[in-house]
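Listed here are the chains, written in short residue letters.
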Amino acid sequence: MNSETVRAPATRDVVLDDVTRLLAVVQFLDDILDALELWQSAGVTDGRWVGEVWARRAAPWARMSLPFDVSHATDGWSLHAALLRWQRQIVEALVGRTDETIHALQNGPKPPTAHLRTPGPNGTLYAHDRIRASPSVLDPRQGR
Amino acid sequence: MQSTSSPRASYLDFAAGELRDRPIVLVVHVSPTMRRALLVTLDLDGFDVRAAGDAGEALFRLAEEQPQVVVAELGVDCEGVADLFSQLRSNPATRSTPLVLISTAPAASPLREWSISGVHHVPVEDGLSRLLDVLHETVDSPSAKR
């Protein structure tokens, strides 16, 4: 592994910070899903609290709005399914990003690829570009 | 074993850059499932939660630690609620601790008629959002500050 690249301030400050943020969102969604399941097992299907807790506790640092199908879910089950879908999209984006980042660190600059949006310096495309190019993950309002 | 408290600081506090003390809430609920659901949800919403299954256990927990607010749902156990309230008010350390009653008792129950300073009613039909709002308002009130 190219340790100089790993220690580069831009990589550490920008790329890892985004990963941490998305991992925290995944964990938060996991906890919300746990809570929803507990309420449903107690016969409570009202999920309006999810949007309020998200706004109070996650939105400021997650810098993401709830996807349309989460914020407009009409019952507990559709809310649960929408949250699960969103969580899976984020995980998939993170997995894709990790692969790209490892490739970039191990193999140096990579030729531009059609599905990635913008090349970085020297034509390198890192995975964070791909995540940014995926509006349904980072800005769910645009993708739905 | 059923967990009766939530972590003191969670990853959310770190993610939000908040390393503050989280307000302690004592949840008293007869149903283990509801108790657990309240514990997880209040923890997510920034509270440090303790839980008890009845008024007796709540009094035991109050002797251990003073919460900023007590949330109680004791069904039709009016005596249990009255004991809890009386113990809260007789202890100088908890005299001003707000009590939030989740009212699942029938509309005719005397509990719904309680109109005492420091007691807040949240009818169960108002939903969890209302309970969370009341808790945030209550811990922000001067009487709940420690």
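Residues numbered from 1 in each chain as written. Chains lettered and ligands numbered in written order. Predicted model: local features only at pLDDT ≥ 70, side-chain atom pairs only at ≥ 80, totals over all residues.

1. Here we look at the overall build of chain B
Part 1: Assigned secondary structure in chain B consists of 5 helices and 5 strands.
Part 2: Secondary structure elements in chain B, listed N-terminal to C-terminal, are α-β-α-β-α-β-α-β-β-α.
Part 3: The buried share among the 146 residues of chain B stands at 42%.
Part 4: The contacts in chain B between residues at least 6 apart in sequence include a share of 62% that link residues at least 24 apart. (Helix = DSSP H or I, 4+ residues; strand = E, 2+ residues; numbered from the N terminus. Buried ≥ 20, exposed ≤ 12 C-beta atoms within 10 Å, placed from the backbone. Contact = placed C-beta atoms within 7 Å.)

2. Remarks on helix H2 (residues 32-44) of chain B
Residue and element names in this part refer to chain B.
Part 1: Between its first and last C-alpha, H2 extends 18 Å over 13 residues, near the 18 Å set by a 1.5 Å rise per residue.
Part 2: The buried fraction of H2 is high, at 11 of 13 residues.
Part 3: Directly beyond the C-terminal end of H2, a positive phi value near 100 degrees is found at Gly46. (Expected span 1.5 Å × (residues − 1).)

3. Digging into the sheet that holds strand E1 (residues 24-29) of chain B
Residues and elements named next belong to chain B.
Part 1: The strand order E2-E1-E3-E4-E5 describes an open sheet built from 5 strands, whose pairing is parallel. Looking at which strands have only one partner, the edges of the open sheet turn out to be strand E2 (48-52) and strand E5 (119-123). Within the sheet, the average angular offset between the axes of one strand and its neighbour, ignoring direction, is 20 degrees.
Part 2: Inspection of the sheet shows E1 paired to E2 by 5 bridges, in the parallel sense. Paired with Leu26 across the two strands is Arg50, which belongs to E2. (Pairing = 2+ DSSP bridges. Axes fitted to C-alpha atoms, helices over the stretch in contact; angles between N-to-C directions.)

4. Comments concerning the packing of helix H3 (residues 48-62) of chain A against helix H5 (residues 127-140) of chain B
Part 1: Two numbers describe how H3 of chain A lies on H5 of chain B: the axes approach to 7 Å, and their chain directions differ by 35 degrees. The two elements H3 of chain A and H5 of chain B cross, and the hand of that crossing is right-handed. For the pair formed by H3 of chain A and H5 of chain B, the contact residues are Arg48, Trp49 and Glu52 of chain A on the first element and Gly127, Leu128, Ser129 and Leu132 of chain B on the second. (Left-handed = near helix turned anticlockwise from the far one by under 90°.)

5. With respect to the confidence of the model for chain B
Part 1: Confidence in the prediction of chain B, expressed as mean pLDDT, is 80, and 72% of residues score 70 or more.
Part 2: Our summary of model confidence lists the complex with pTM equal to 0.71 and ipTM equal to 0.77. (pLDDT = per-residue confidence, 0-100.)

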